[in-house]
Amino acid sequence: MEVTQSPSSSLFSPTILDMFRSIFAAKTVQIAVSYNIPDLLQDGPKSVAELAKATGTHEDSLYRLLRMLSTIGFVERLEEKRFAETPLSHSLCSNESNPLRSFVLWLFDHCWSSVGALAHSVKTGQPSFEYVHGMDIWQWNATHPEDQALFNQAMASFSRFDEQIVLTHDFSSARVVADIGGGYGVFLRAILKAHPMLKGILYDISPVIDEAKEYFAGEQLEARCQLLAGDFLVAIPTGADIYILKHVLHNWNDQDCIRILSNCRAAGGVGSRIFIVEQVLSFEKPLEDVFVSDMVMLMVLKGARERSADEYKTLLEAAGFMLKQVVPFNEMYSLIEGIAI
Ligand SMILES: C[S@@+](CC[C@H](N)C(=O)[O-])C[C@H]1O[C@@H](n2cnc3c(N)ncnc32)[C@H](O)[C@@H]1O
């Protein structure tokens, strides 16, 4: 019998097909990572039977998942039912040098149901995360330590993309740098290592600071850095001449942003500097990643959003700062620098 294949474009446009594929790419990669497939393939190729035994999964279904994953380069199919690692799967092994693993687990697993309920956010303006989980993400993290750790590791993974600012920016006139909402302190540790004369303050909520302590102890930075717990909506530690808010303000509505910035202004006094590190919206240069991040904000927290440089200028001025400059330092992030007046 002669089988004629109709071109796929007659059914779906290539763009719709890409969307269809990318949903399954994200989900199947997350499942493979959850079952530690990258780790299992690290010491050599394995048969599906071996992988199914090691992961406690249904052999034929795992085979179908791996076959699909081989088409996106996540694994290599050596024989019909034998698979090897690729650079992509290797990059998601559980060792610490591959931090994007936690981001894959956080967004494609923990937040998956909130992505599914995004229509709720569009209809009501309320975060779908809260609609799905019955509480906001900070309350959820406070009552679910494992998810709190996953969230903080996912955030820390992005700090590695921001480290360029550490190498390119001039910190020579500063003595003390405070990273406010600084998470595990990946960014602050990079600044302190690159600038040995500087002292640091890491400030975050207490469960995060408790976990950050072990990272600082491991790198012998304890003597140069204070790790302080508190609520930045209430007060911010004094004594720094640069206050950093990295990926913090996009989580808050305008009123709360002005509160956080005003607290930095009160803590640092006239002449202190504020470094806001965020993605910046631009009508002239619309970057897909900024809009994707803005969707994540819409989904995750009430009032959270990405903003334009003009919007950051308005927030800074409302809190007693003057905008000094907006410096894009890689294809994703900008440094918005303000001076307290
Ligand atoms: C999106 S994460 C960014 C973390 C870090 N700056 C980075 O770029 O990876 C936001 C941080 O704000 C902290 N945070 C949230 N609410 C806070 C509050 N009320 N006071 C202090 N820190 C808070 C979170 O614990 C988290 O570490």
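Predicted, not measured: the structure shown is a model, and the values here were computed from it.

Here is what the cut-offs are and how they apply
- Residues numbered from 1 in each chain as written.
- Predicted model: local features only at pLDDT ≥ 70, side-chain atom pairs only at ≥ 80, totals over all residues.
- Heavy atoms only, no water.
- Axes fitted to C-alpha atoms, helices over the stretch in contact; angles between N-to-C directions.
- Helix = DSSP H or I, 4+ residues; strand = E, 2+ residues; numbered from the N terminus.
- Parallel < 35°, antiparallel > 145°, perpendicular 65-115°, else oblique.
- Left-handed = near helix turned anticlockwise from the far one by under 90°.
- Contact = heavy atoms within 4.5 Å.
- Nonpolar A, V, L, I, M, F, W, Y, C, P; charged D, E, K, R; others polar.
- Pairing = 2+ DSSP bridges.
- Expected span 1.5 Å × (residues − 1).
- Bend = angle between axes of the 7 residues up to and from the residue.
- Buried < 20%, exposed > 50% of the residue type's maximum accessible area, 1.4 Å probe, protein only.
- UniProt positions renumbered as here; feature names shortened; annotations may be inferred.
- Polar contact = N/O pair within 3.5 Å; in protein donor to acceptor, adjacent residues only side chain to side chain.
- Arc of directions from axis to C-beta.
- Near = heavy atom within 4 Å.
- Areas by Shrake-Rupley, 256 points an atom, 1.4 Å probe, with all protein chains shown as cover.

Student: So what about the packing of helix α1 (residues 14–34) against helix α6 (residues 100–110)? Which residues, and what values?
Tutor: The contact between α1 and α6 brings their axes to 9 Å, and the two run at 125 degrees. Relative to α6, the element α1 is oriented oblique. Handedness of the crossing formed by α1 with α6: left-handed. Contacts between α1 and α6 involve Ala26, Lys27, Val29, Gln30, Val33 and Ser34 from the former and Arg101, Val104, Leu105, Phe108 and Asp109 from the latter. Here the residues of the contact of α1 with α6 sort into six nonpolar, two polar and three charged.

Student: Before we move on, could you go through the environment of Val166 and cite the residues and values that matter?
Tutor: Along the chain, Val166 falls in helix α12 (residues 164–168). With 21 residues separating them along the chain, Val166 and Phe187 place their C-alpha atoms 8.1 Å apart. The contacts of Val166, once residues within four sequence positions are left out, are Phe171, Phe187, Ala190, Ile191, Ala194 and His195.

Student: Mind laying out the sheet that holds strand β11 (residues 321–328), listing which residues take part and the relevant values?
Tutor: Strand order in this open sheet of seven strands is β6-β5-β4-β7-β8-β12-β11, and the pairing throughout is mixed. Either end of the sheet is taken by a strand with one partner, and the two such strands are β6 (225–229) and β11. Averaged over all neighbouring strand pairs, the angle between strand axes comes to 20 degrees, with direction disregarded. Alignment of strand β8 (residues 273–278) against strand β12 (residues 334–340), held across six bridges, turns out to be antiparallel. Paired with Phe275 across the bridge in β12 is Glu337. Strands in contact with helix α15 (residues 254–268) are β7 (242–246), β8, β11 and β12; relative to β7, the strand with the most contacts, it is inclined by about 160 degrees.

Student: Account for helix α14 (residues 206–218), with residues named and values stated.
Tutor: Look at α14: 19 Å from first C-alpha to last across 13 residues, which is about the 18 Å you get at 1.5 Å a residue. Considering bend angle alone, the principal kink of α14 is centred on Ala212 and spans about 25 degrees. Here α14 has its buried residues at Val208, Ile209, Ala212 and Phe216. One or two positions beyond α14, positive phi appears at Gln220, with a value near 50 degrees.

Student: Could you give me a rundown of the UniProt feature "active site" (unreviewed entry) in the protein chain, with the residues and numbers involved?
Tutor: Residues annotated in UniProt with the feature "active site" (unreviewed entry) correspond here to His250. Within the element layout of this structure, His250 appears in the loop between β7 and α15. The buried category is assigned to His250, whose relative accessible area is 8%. Beyond its immediate sequence surroundings of up to four residues, His250 is in contact with Glu278, Ser293, Met297, Ala304, Arg305, Glu306, Arg307 and Tyr312. One polar contact links the side chain of His250 to the main-chain carbonyl oxygen of His247, over a distance of 3.4 Å.

Student: Can you tell me about helix α4 (residues 59–71), naming the residues and giving the values?
Tutor: Two residues of an α-helix separated by three or four positions point the same way, owing to the 3.6 residues in each turn. End to end, α4 covers 19 Å across 13 residues, agreeing with the expected 18 Å (1.5 Å per residue, within 8%). Those residues of α4 that sit buried are Leu62, Tyr63, Leu65, Leu66, Leu69 and Ser70. Down the axis, α4 shows its buried residues gathered within 165 degrees of arc, on one side only. Remark: Gly73 follows α4 within two positions and exhibits a positive phi of approximately 80 degrees.

Student: Report on the sheet that holds strand β1 (residues 46–47), specifying residues and quantitative values.
Tutor: In spatial order, the strands read β1-β3-β2; together these three strands make up an open sheet with antiparallel pairing. Two strands close off the open sheet at either side, each with one partner strand: β1 and β2 (75–79). Summarising the sheet, β2 and strand β3 (residues 82–85) pair through four bridges and their orientation is antiparallel. Each residue of the ladder has a partner; that of Glu76, found in β3, is Ala84. Against the sheet, α4 engages β2 and β3, with an angle of about 110 degrees to β2.

Student: An account of the site of the ligand is needed here, citing residue identities and associated values.
Tutor: For the ligand, the set of nearby residues contains 16 residues, the closest of which are Gly181, Asp204, Asp231, Phe232 and Lys246. Gly230 places a polar main-chain atom, nitrogen or oxygen, 3.5 Å from a nitrogen atom of the ligand. Between Lys246 and the ligand, the recorded distance is 2.7 Å, taken from a side-chain N or O atom to an oxygen atom. Calculation on the ligand without its partners gives an accessible area of 590 Å², and the protein chains cover 95% of this total. Grouping the amino acids of the shell around the ligand by side-chain chemistry returns six nonpolar, seven polar and three charged.

Student: How would you sum up the environment of Met297? Please name residues and give values.
Tutor: Along the chain, the position of Met297 falls in helix α16 (residues 288–300). Sequence spacing of Met297 and Leu92 is 205 residues, and the spatial spacing of their C-alpha atoms is 24 Å. When near neighbours in sequence (up to four residues on either side) are disregarded, Met297 contacts His250, Asn251, Ala304, Arg305 and Glu306.

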